[in-house]
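The lines below spell out each chain.
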Protein chains: 2
Amino acid sequence: MKHKSLYVHGYDTKENIRLQDQASTLVELLHSDTSYPANSRVLEAGCGVGAQTVTLAKNSPHARITSVDISEASVAEAKGKVEAAGFANVSFQQADIFHLPFKPGSFDHVFVCFVLEHLSKPVEALLLLKELISPGGTITVIEGDHGSANFHPDSEAAHRAIQCQVELQRRAGGNANIGRELYPLLCSAGYSPVRVSPRMVYADSSRPELVDGFTKKTFTAMIEGVRQSAILAGLTDASLFDQGVRDLYRTAEGDGVFCYTFFKAVGEKK
Amino acid sequence: MKHKSLYVHGYDTKENIRLQDQASTLVELLHSDTSYPANSRVLEAGCGVGAQTVTLAKNSPHARITSVDISEASVAEAKGKVEAAGFANVSFQQADIFHLPFKPGSFDHVFVCFVLEHLSKPVEALLLLKELISPGGTITVIEGDHGSANFHPDSEAAHRAIQCQVELQRRAGGNANIGRELYPLLCSAGYSPVRVSPRMVYADSSRPELVDGFTKKTFTAMIEGVRQSAILAGLTDASLFDQGVRDLYRTAEGDGVFCYTFFKAVGEKK
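Each value, and the rule that gives it
Residues numbered from 1 in each chain as written. Chains lettered and ligands numbered in written order. Predicted model: local features only at pLDDT ≥ 70, side-chain atom pairs only at ≥ 80, totals over all residues. Heavy atoms only, no water. Helix = DSSP H or I, 4+ residues; strand = E, 2+ residues; numbered from the N terminus. Contact = heavy atoms within 4.5 Å. Core = buried A, V, L, I, M, F, W, Y, C linked by side-chain atoms within 4.5 Å. Buried < 20%, exposed > 50% of the residue type's maximum accessible area, 1.4 Å probe, protein only. Least-squares fit on C-alpha atoms with pLDDT ≥ 70 in both. Buried area = accessible area lost by both parts, 1.4 Å probe. Salt bridge = Lys/Arg side-chain N within 4 Å of Asp/Glu carboxyl O. Polar contact = N/O pair within 3.5 Å; in protein donor to acceptor, adjacent residues only side chain to side chain. Disulfide = S-S within 2.5 Å. Pairing = 2+ DSSP bridges. Axes fitted to C-alpha atoms, helices over the stretch in contact; angles between N-to-C directions. Expected span 1.5 Å × (residues − 1). Phe/Tyr/Trp six-rings, centres within 6.5 Å; stacked < 30°, edge-to-face > 60°.

**Student:** How should the side chain of Ser60(A) be read in this particular structure?
**Tutor:** By the secondary structure assignment, Ser60(A) is in the loop between α2 (53-59) and β2 (64-69). What Ser60(A) contacts, discounting residues up to four positions off in sequence, is Thr34(A), Ser35(A), Tyr36(A), Ile65(A) and Asn89(A).

**Student:** Explain the nonpolar core here, please?
**Tutor:** Looking at soluble globular proteins, one finds that nonpolar side chains tend to be buried together. Of all hydrophobic cores here, the largest spans 72 residues; its most connected members are Leu43(A), Leu129(A), Ile139(A), Leu43(B), Leu129(B) and Ile139(B). Discounting residues that sit within four places of it in the chain, Leu129(B) has contacts with Leu43(B), Ala45(B), Ile97(B), Leu100(B), Val110(B), Val112(B), Ile139(B) and Tyr191(B). With 45 residues, the next largest nonpolar core counts Phe92(A), Phe111(A), Cys113(A) and Phe241(A) among its residues.

**Student:** Would you mind showing me how to read the relation of the copies chain B and chain A here?
**Tutor:** Both copies of the chain are related by one operation, a rotation about an axis with a shift along it. Relative to chain A, chain B is turned by 180 degrees and slid 0.0 Å along the rotation axis, the superposed coordinates differing by an RMSD of 0.0 Å. The operation mapping one copy onto its partner corresponds to a two-fold rotation axis. When each C-alpha of chain B is compared by its distance to the rotation axis, Ser148(B) comes out closest, at 3.3 Å.

**Student:** Looking at this structure, I do not really get unusual backbone geometry. What am I missing?
**Tutor:** What is expected of a backbone is that most residues other than glycine have negative phi and most peptide bonds are trans. Residues and elements named next belong to chain A. Looking along the chain, the bond that leaves Ser-192 and enters Pro-193 is cis, with omega of -5 degrees. Tracing the backbone shows Pro-193 in the loop between α6 (182-188) and β6 (194-204). In the Ramachandran plot, Phe-114 falls in the positive-phi region, its phi being about 60 degrees despite a non-glycine side chain. Here Phe-114 shows up in the loop between β4 (107-113) and α4 (122-132).

**Student:** Where do I start with the environment of Ile178(A) in this structure?
**Tutor:** Residue and element names in this part refer to chain A. In this structure, Ile-178 sits in the loop between α5 (156-171) and α6. Under the relative-accessibility criterion, Ile-178 is labelled buried at 2%. Once the C-alpha coordinates of Ile-178 and His-152 are considered, the two residues, 26 residues apart in sequence, prove to be 24 Å apart.

**Student:** Even after reading the chapter, I still don't get the interface of chain B and chain A, so can you show me in this structure?
**Tutor:** Interfaces are often sized by the accessible area lost when the parts come together. In this complex, chain B contributes 27 residues to the contact, which on the side of chain A involves 27 residues. Both faces combined, the contact of chain B with chain A buries some 2200 Å², and carbon together with sulfur accounts for 54% of it. Taken together, the connections running from chain B to chain A amount to 2 salt bridges. With its nearest N and O atoms 3.4 Å apart, the salt bridge here joins Arg180(A) to Asp154(B). Counting across the chain B and chain A interface gives 14 residue pairs in polar contact (both at pLDDT 80 or more). Mapped by element, the contributors of at least two residues to the side of chain B that touches chain A are β5 (133-152), α6 (182-188), β6 (194-204) and β7 (257-268) of chain B. Ranked by residues supplied to the side of chain B that touches chain A, first place goes to β6(B) with 8 residues.

**Student:** So what exactly am I meant to see when it comes to the state of the cysteines here?
**Tutor:** In a disulfide, the sulfur atoms of two cysteines are held together by a covalent bond. If you walk through the whole model with that rule in mind, you get 0 disulfides over all chains. Free cysteine Cys47(A): the closest other cysteine sulfur is in Cys113(A), separated by 11 Å.

**Student:** What exactly am I supposed to notice about the sheet that holds strand β7 (residues 257-268) of chain A here?
**Tutor:** Each strand in a sheet pairs with another by means of backbone hydrogen bonds, the pair being arranged parallel or else antiparallel. Residue and element names in this part refer to chain A. Reading across from one edge, β3-β2-β1-β4-β5-β7-β6 is the order of the 7 strands in this open sheet, with mixed pairing throughout. Each edge of the open sheet is held by one strand with a lone partner, namely β3 (90-94) and β6. When strand polarity is set aside, the average angle formed by the axes of neighbouring strands in this sheet is 20 degrees. Where β2 meets β3, 5 bridges bridge the pair, whose relative direction is parallel. Directly across from Val-68, in β3, lies its bridge partner Gln-93. Contacts between α4 and the sheet are confined to β1 (41-45), β4 and β5 (133-152), with β5 contributing the most and set at about 150 degrees to the helix.

**Student:** Which parts of the structure should I look at to understand α5(A)?
**Tutor:** Owing to its 3.6 residues per turn, the α-helix aligns residues three or four sequence positions apart on the same side. All names here are of chain A. Compared with an ideal rise of 1.5 Å per residue, which puts 16 residues at 22 Å, α5 spans 22 Å between its outermost C-alpha atoms and is within 8% of the ideal. For α5, the set of buried residues is Ala-157, Ala-158, Ala-161, Ile-162, Cys-164, Gln-165, Val-166, Glu-167, Leu-168 and Gln-169. Summarising the contacts, the buried residues of α5 are in contact with β5, α7 (208-224), α8 (227-232) and α9 (238-250). Sitting at the head of α5, Ser-155 places a side-chain oxygen 3.3 Å from the backbone nitrogen of Ala-157.

**Student:** What's the story with the pattern of salt bridges in this structure? I'm lost.
**Tutor:** Two side chains that carry opposite charge are able to pair once their charged atoms sit near each other. Residues and elements named next belong to chain A. Enumeration over the complete set of coordinates arrives at 24 salt bridges over all chains. The residue Asp-145 makes a salt bridge to Arg-180 at a minimum N-O spacing of 2.8 Å. Of this pair, Asp-145 sits in strand β5 while Arg-180 is found in the loop between α5 and α6, placing the two residues 35 residues apart along the sequence. Like Asp-145, the residue Arg-180 is buried in the burial classification. Several salt bridges converge on common partners, so that one network encompasses Asp-33, Arg-199 and Lys-264.

**Student:** Would you mind showing me how to read the packing of aromatic side chains here?
**Tutor:** How two aromatic rings sit relative to each other is set out by the distance from centre to centre and by the angle between their planes. All names here are of chain A. Taken as a whole and assessed by the stated rule, the structure comprises 20 aromatic pairs over all chains. A centroid spacing of 5.9 Å and a plane angle of 5 degrees characterise the contact between Phe-151 and Phe-258, whose relative ring orientation is stacked. Of this pair, Phe-151 sits in strand β5 while Phe-258 sits in strand β7; the two residues are 107 residues apart in sequence, bridging distant segments of the chain. Phe-258 matches Phe-151 in its accessibility class, with the two residues each being buried.

Written out as structure tokens, the structure reads:
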């Protein structure tokens, strides 16, 4: 826990459901173009409760995937989830991303999703992961960026509620606006070339599954989840925060629009 | 000029070059999926100096395009540009979008690009245009959204400089953040179904043409262009504004990233 920052979102059940909802509604947008060859050795660093691991296992059925997380409880849950889905191509292990128990060049590819946002030293993590990749291999990194949240009707209170989450994550050593920085971060860690593609979730009422699955149950639910912490930290008061959350839910109505951008980067190791 | 708001960008030469640069670097992103059938009657409402008209003519070589603009000078320039490019499928006419001299059902398709952002009554314009479309036809609308501008390194001064442009446009009756609203606007005007797709310009140093053509010569040049007006309007002072512009140019350096989203909507007339 020397470098790993506090995980702002928390490990409770509601959070697990949210992460799961997120993965199932975003899965195509974020993961459909990630598939590893048969027999390639893939490390998923920071698998959490396995929200992405099932997709990874499904899209690369003949790859040999190793998924690790710093939390023993999360690893157990991820393992159960992947087994329940009937996949046998993933092995699990508890480990700290800053002290991974693998020899240099142990993997052909590394996959990191929603992890760097929680680290106070993301470049250091990327450097350590690079050591584990054999020459010619790749790292794939996916992160969100709360600064990309845009919506109609616009609302100052909603932006301030989002800013509470950004500030809490910053105080815990993380960066909720890290998505836009993936290119310089991977370049700093010596990956080359680095290719970034933005993935915008655009939700209006012609796409009801996204409105429900993303605007309401993923993004707004996540902001709602920091209410207590934000008030206790003195970042807001209950009435202002609640107005912001109401205004976020308002963007899920018939004439509302919600936009959020994830960034996906692929970097090569020479 | 009853409804048409003041055109914030202005009609000077530098602006024309900027619009032209914008169209040539963004052309594929914004226009590659717009092509009208042979003999279809297409109205381009608000062609300006023809930045988009050349692309429209090129992508729909056998359509019969009519391009109008409220400014006689712009129409003349657009005409010259299209003729110089060797296209003979466009006729030009000076006309106000709120008083178009065409009979109901005169067109199969309408194309509107970077126009609604300048109108104080965009739904009214969309309703009038709908009258001109024959049943089964479509309207295509493309607009930017300054609220989508995100960059690294982040900068409060840069956001404030952008906000000057947004506020000037608002005071002139327009809306620089209109992109995200295309879905409700077209729905309000009775188009159905309406389909919106966001088009993000993502520029990091692996894409030098976009950094030069968009980050510097399109977006930052546009913000720089309102310096005098913003200072005269009391929205900022020279030192803060100049810092913001410097910070925007900073995002065009090797480790910088700049993101901006355009929205493209297609609505059908029943």
